[in-house]
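# Inside the fold
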Amino acid sequence: MIQFDFTGVDAFIDKSQWSGYEKRAHAAHEALLNGTGQGSDWLGWRTILKEPNDALLENITALGQEIAERADVLLCVGIGGSYLGAEAIIEALSPYFPQKQTDDTPTPARVLFAGHHISGAYLEELLGHLEGKSVYVNVISKSGTTLEPAVAFRIIRSWMEERFDDCHQRIIATTDGEKGALRTLAKQKGYRTYVIPQDVGGRFSVLTPVGLLPIAAAGYDIQSLFYGAVSMMGTLEKADGNPAIDYALRRYLLHEAGFTTEIMSVFEPRLKAVGAWWQQLFGESEGKNHKGLFPVVSSFSTDLHSLGQYIQDGKRNIIETFLTLEKERGDLRVPPEAANLDQLNYLTGVSFPDINRAAFEGTSRAHLKGGVPIFTISLSSTTEENLGRLIYFFEHAVAVGGYLLGINPFDQPGVEAYKQEMFRLLGRP
Ligand code: PA5
């Protein structure tokens, strides 16, 4: 279950013009549903949920099991939308440190990432770490020519070829259905392949094979994840009492009122990667024509000791979205101590989740008092189903929010600029 509490925003919104803006938000929602808004040829992320391909989900689950049985590590090679979704879901669901299996089920593969930056040291040390291990590789690139994963995959491919006779069985390519360098290479080498639908952009692709295969290999239930999103899509078809419209509309009004930055704050570090996925979804979708809220994730209470001062008391241009968990795992409690030197005996017997909840509630109240509009989104727990719901909620909200801003939420022309400069420096012909 997911609960939404947006009351912490109301004091910052001028309600006198509410009904006009509400009409516009409903029109934006209708445009999304009817496929009449900007970039409507990029709505495949809705089509896959409207027409679920159960055979594909089963096929990916089976390959995930094969990888879990045969590999110590699945190395995912991709950047941006080609890895952030998988990383978000796997981190949210995984224990902080690898646990020993207590029953006979195979230990899931550890999913590691490469090609998501250009650090040569990382890649070299990663391959050193993989020496002697059973490795599968999932290279994920829609275009097949993105620099970071493409150069990393050159190195990884020859590393795999030198070590594994059944290398073509161990490398799986997730790419465009027909064209592109990776599709051609996969054909030549006999790799197994998955298709990234033409009409699904990278940041909307976590529920395609892009995200689903790594998640399945990590041992998680992709059917529940997928159908969680399907059920949220059903909930968000209605116009009234629609939390995605409510979120998009309030964000838009805050944007128009001069707020510039939205922080997603989490109180469990394993949700930070969900924030990184959200950051890309909102940053690439909204940041156009000099518009949009700048999205940034922070992990509390850690970052309260670095960013807390600014959020509380710095320039008043920040809004905050708390992503919280109703109940966290574990039951560590504060032990009594005879000397009580640290004066913490008043906490004796109190659980860490309860202290963390007080940290969240206290922070939320303090930030609100300090002039920060607060959205709160609470997951009852981190299940696959809840995470699927959350993914679709944000996808729907960013589309409606993009239409309210009057931009195309599905393209990303601005990311080409740094590439052109970099390629010039590298002497690309
Ligand atoms: O959201 C996007 O479109 C981007 O982040 C892409 O996913 C990223 O640039 C990787 O592109 P490709 O999958 O073509 O390698």
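Figured I'd write up the structure that's included with this text. (Residues numbered from 1 in each chain as written. Predicted model: local features only at pLDDT ≥ 70, side-chain atom pairs only at ≥ 80, totals over all residues. Heavy atoms only, no water.)

### Details of the packing of helix H9 (residues 209-217) against helix H10 (residues 222-235)
Keep this limit in mind: A fitted line through C-alpha atoms serves as each axis, taken over the contacting stretch for helices, and the angle formed by two N-to-C directions is quoted from 0 to 180°. Under the DSSP-based scheme used, a helix requires at least four consecutive residues in state H or I and a strand at least two consecutive residues in state E, with every element numbered from the N terminus. The cut-offs work like this: below 35 degrees is roughly parallel, past 145 is roughly antiparallel, 65 to 115 is roughly perpendicular, and the gaps in between are oblique. Only heavy atoms enter the contact rule, under which two residues are in contact if any of them lie within 4.5 Å. Gly falls in the polar group here, along with every residue not listed as nonpolar (Ala, Val, Leu, Ile, Met, Phe, Trp, Tyr, Cys, Pro) or charged (Asp, Glu, Lys, Arg).
Across the interface, H9 lies against H10 with an axial gap of 9 Å and an inter-helix angle of 140 degrees. Here H9 is positioned oblique relative to H10, judged by the angle of their axes. Across from Leu212, Ile215 and Ala216 in H9, the residues of H10 making contact are Ile222, Leu225 and Phe226. A breakdown of the residues in the contact of H9 with H10 according to their chemical character gives six nonpolar, no polar and no charged.

### A word on the sheet that holds strand E9 (residues 318-325)
Adjacent strands of a sheet pair through backbone hydrogen bonds, lying either parallel or antiparallel. Going by this rule: Any two strands with at least two DSSP bridges between them are considered paired.
Pairing in this open sheet of five strands is mixed, and the strands run E1-E10-E9-E7-E8 from one edge to the other. Each edge of the open sheet carries a strand with a single partner, namely strand E1 (2-5) and strand E8 (294-299). Across the sheet, the axes of successive neighbouring strands diverge by a mean angle of 20 degrees, strand direction being ignored. Packing of helix H12 (residues 272-286) onto the sheet brings it into contact with strand E7 (261-266), E8 and E9, and relative to E8 it is tilted by some 175 degrees. Sitting on the sheet, helix H15 (residues 384-405) is in contact with E1, E7, E9 and strand E10 (374-379), with an inclination near 150 degrees to E10.

### So, the packing of helix H3 (residues 54-70) against H10
A pair of packed helices is characterised by two quantities: the angle between their axes and the separation of those axes. One can describe the packing of H3 onto H10 by two numbers: an axis separation of 10 Å at closest approach and a directional angle of 145 degrees. Counting all contacts with H3, which are made through Asp54, Leu57, Glu58, Ile60 and Thr61, the residues of H10 involved are Ile222, Gln223, Phe226 and Tyr227. Considered class by class, the residues forming the contact of H3 with H10 number five nonpolar, two polar and two charged.

### Considerations on the nonpolar core
Condition: In this text, buried Ala, Val, Leu, Ile, Met, Phe, Trp, Tyr and Cys residues form a nonpolar core when linked through side-chain atoms within 4.5 Å. Partly exposed residues are those whose accessible area sits between 20% and 50% of the maximum for their type, while under 20% is buried and over 50% is exposed, using a 1.4 Å probe and protein chains only. Domain start and end points were adopted from an automatic or database domain assignment.
Formed by 96 residues in total, the largest nonpolar core has its most connected members in Ile67, Leu207 and Phe394. When residues in this core are grouped by element, the largest group, 13 residues, is from H15. Each of domain 1 (2-36 + 227-405) and domain 2 (44-220) accounts for three or more of the residues forming this core. Sequence-distant contacts of Phe394, defined by excluding residues within four places in its chain, comprise Tyr247, Met264, Trp277, Trp278, Leu281, Phe282 and Ile377. Grouped together as the second largest cluster of nonpolar side chains are 25 residues, Val77, Val135, Ala186 and Tyr191 included.

### Re the sheet that holds strand E4 (residues 135-140)
Pairing is parallel across the open sheet formed by five strands, whose spatial order is E3-E2-E4-E5-E6. Each end of this open sheet is capped by a strand with a single partner; those strands are strand E3 (110-114) and strand E6 (192-196). Mean inter-strand twist for the sheet, computed between neighbouring axes without regard to direction, equals 20 degrees. By the bridge criterion, five bridges tie strand E5 (residues 171-176) to E6 in an arrangement that is parallel.

### Brief notes about the pattern of salt bridges
Threshold: A pairing counts as a salt bridge when a side-chain nitrogen of Lys or Arg comes within 4 Å of a carboxyl oxygen of Asp or Glu.
Per the stated rule, a full pass over the model turns up 22 salt bridges. Here Arg250 and Asp246 are joined by a salt bridge, their closest N and O atoms 3.9 Å apart. Here Arg250 and its partner Asp246 are both found in helix H11 (residues 243-256), four residues apart, which amounts to about one turn of the helix. Judged by its relative accessible area of 11%, Arg250 is buried. The salt bridge involving Lys419 is made with Glu416; its shortest N-O contact spans 3.5 Å. On the criterion of helical spacing, the pair formed by Lys419 and Glu416 is a turn pair, its members being three residues apart in helix H16 (residues 416-426). Overall, the relative accessible area of 36% leaves Glu416 in the partly exposed class.

### Quick look at empty space enclosed by the protein
To keep it simple, the criterion reads: A pocket, in this scheme, is an open set of points on a 1 Å grid over the protein atoms alone with protein on both sides within 12 Å along at least 5 of 7 lines, while a cavity is a set where a 1.4 Å probe fits but cannot get out; residues line either one if an atom lies within 4 Å of a point. Grid points are joined across faces, edges and corners, and a volume is the space filled by probe spheres set on the points.
Counted according to the given criterion, the structure contains two cavities of 30 Å³ or more. Put simply, the largest cavity is a space of about 50 Å³. If you trace the largest cavity, you find it lined by Gly85, Ala88, Ile89, Val206, Val274, Trp277, Leu387, Leu390 and Ile391. Sorting the residues of the lining of the largest cavity by element identifies helix H4 (84-93), H12 and H15 as the ones contributing at least two each. In the lining of the largest cavity, the residues fall into eight nonpolar, one polar and no charged. Both domains that meet at the lining of the largest cavity, namely domain 1 (2-36 + 227-405) and domain 2 (44-220), each give it at least three residues. Lining the second largest cavity are Ala248, Arg251, Tyr252, His255, Glu286, Leu293, Gly401 and Leu405. Sorting the residues of the lining of the second largest cavity by element identifies H11 and H15 as the ones contributing at least two each. Considered class by class, the residues forming the lining of the second largest cavity number four nonpolar, two polar and two charged.

### Structural notes on the state of the cysteines
Our working definition: In what follows, a disulfide is any cysteine sulfur pair within 2.5 Å.
Summed over all chains, the structure comprises zero disulfides. Cysteine Cys76 is unpaired, with the sulfur of Cys167 as its nearest cysteine sulfur at 16 Å. Note on Cys167: relative accessible area 7%, which makes it buried.

### Topic: the side chain of Thr321
In this fold, Thr321 is placed in strand E9. When near neighbours in sequence (up to four residues on either side) are disregarded, Thr321 contacts Tyr247, Glu262, Ile263, Met264, Ser265, Phe375 and Ile377.

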